[in-house]
Every structure is written in C-alpha cells, then in structure tokens.
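Structural overview
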Amino acid sequence: MALTTPSLRTARLRLRAFEDADADGLFALHSNSRVLRYWDSPPWSEPSRAERFLTGCRQMAEEGTGVRLAVDRASDGAFIGWCSLSRWNPDFRSASLGYCFGEAAWGHGYATEAARAVLRWAFDTLDLNRVQAEADTRNVASARVLEKLGFAREGMLREDCVVDGEVSDSFVYGLIKREWRPPAEPVPAG
C-alpha cells in the first residue's frame, strides 16, 4: 500500500516531497563529515549517492514503509535538511523518526520544529500509537531534540554501529500517542 507523502508547513519551515533538483543539496549535506559524525555510515564521497537516496525516498513511499520529507526554510526557500518517518507498520500503529540537518541550521530549533510537524501528521493522520527514534549516545544535540519533543529514553543498543572502525552505542527513545503534547497552534497542510 502506497503512502502519500504529505506537504507540511510550520511557522518557519516547509516540509515537502523530495525532487530530483534536491540532489546537489543532499550531496552537500551527506558529504559533510561534521553533519555525519554520529551517523551509522560514512560521509558520501560520490554525488551518485544522492540519486540513490532520492530513488529510495520514492520506493519507501510506494512500498508504504514511510516517507522522507525535504525541509526548506520558509523565509528564503533554502534546503536545510530532511525529516523522515520510516518502518511504518499500520498493524502495530508504529514507525521510526529520523532527521538530518546542515550545520547552518543547527541551534535554531529547526529539527524540533520539523519533527513536531511530522509527529502531528503521524499521530493525527496515520493514527500511530508509537514512534521510536535512535541517537548515538555521544550526540547530545539529537538527544535534546528528542527530549524536547517528549520522547522518553527507553534503553541503549550496545555497540550497534561501527563507522570508520569506531564502535558506538545508541540510545533508543519512544513516544506514545497518549504522552504526545502537540503545540497549541495548528500546523497547516499545504
């Protein structure tokens, strides 16, 4: 069953389906070693990786397993990152949240704002009961985003990733619909 990729808006952001024209921005984002410092794969070195990422976005939606949304700043239309809902399971009413933002977007609350819009869509439109997320235990900024959104740290996956020879652990976070506290202002679709 295909999953319709939503268009979401917040006060400062526009979340939309990826387009082929996003390839250069994606490559710039995913080839940055600081952005991918805590990622489970090394930075991209070949621009063709962006094309494969875009193909994967379309396949994910067509197969009904999730969506990845490009995140643009509303004020100037600049691509600043992405937010995703993956591993969607309508039977269990669950999915996983993910996000990746460029360095210039760090510290402005964009990840929290984008993820909040995706969570509202997930709980209200998809009627999810649970959303899970994982973050490298060293990634304090990502942990802070998840905690601001209301996620509870539920456990740790020990030595679950090895990137460039470095072993790392990941925290597992969960957010249950009954614990979800959406912002007071509506997030209009568009």
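Residues numbered from 1 in each chain as written. Predicted model: local features only at pLDDT ≥ 70, side-chain atom pairs only at ≥ 80, totals over all residues. Heavy atoms only, no water.

**Quick word on the packing of aromatic side chains**
Inspection of the entire model under this criterion finds 7 aromatic pairs. Aromatic side chains phenylalanine 18 and phenylalanine 53 sit 5.5 Å apart centroid to centroid with 80 degrees between the ring planes, which places their arrangement in the edge-to-face category. Here phenylalanine 18, found in the loop between strand E2 (13–17) and helix H1 (23–30), pairs with phenylalanine 53, found in helix H2 (residues 48–63); they are 35 residues apart in sequence, far enough to count as distant. For phenylalanine 18, a relative accessible area of 12% puts it in the buried group. A connected cluster of aromatic rings, assembled from ring pairs, spans Phe18, Trp39, Trp44, Phe53, Phe79 and Trp82. Seen from the ring of tryptophan 82, arginine 68 lies directly overhead, with NZ or CZ sitting 5.8 Å from the centre. Across the ring face of phenylalanine 171, the terminal group of arginine 153 is positioned such that the distance to the ring centre comes to 3.8 Å. (Phe/Tyr/Trp six-rings, centres within 6.5 Å; stacked < 30°, edge-to-face > 60°. Helix = DSSP H or I, 4+ residues; strand = E, 2+ residues; numbered from the N terminus. Buried < 20%, exposed > 50% of the residue type's maximum accessible area, 1.4 Å probe, protein only. Lys NZ or Arg CZ within 6 Å of the ring centre and 35° of its normal.)

**A few points about the nonpolar core**
Leu15, Cys83, Leu85, Leu97, Phe101, Leu128 and Phe151 are the most contacted members of the largest nonpolar core, which has 40 residues in total. Residue assignment for this core shows that the elements contributing at least two residues are E2, strand E3 (67–73), strand E4 (79–89), strand E5 (94–101), helix H3 (110–124), strand E6 (130–136), helix H4 (140–148) and strand E8 (166–176). With 10 residues, the single largest contributor to this core is H3. Contact partners of leucine 128, with chain neighbours within four places excluded, come to Leu85, Trp88, Arg93, Ser94, Ala95, Ala122, Phe123 and Lys177. (Core = buried A, V, L, I, M, F, W, Y, C linked by side-chain atoms within 4.5 Å. Contact = heavy atoms within 4.5 Å.)

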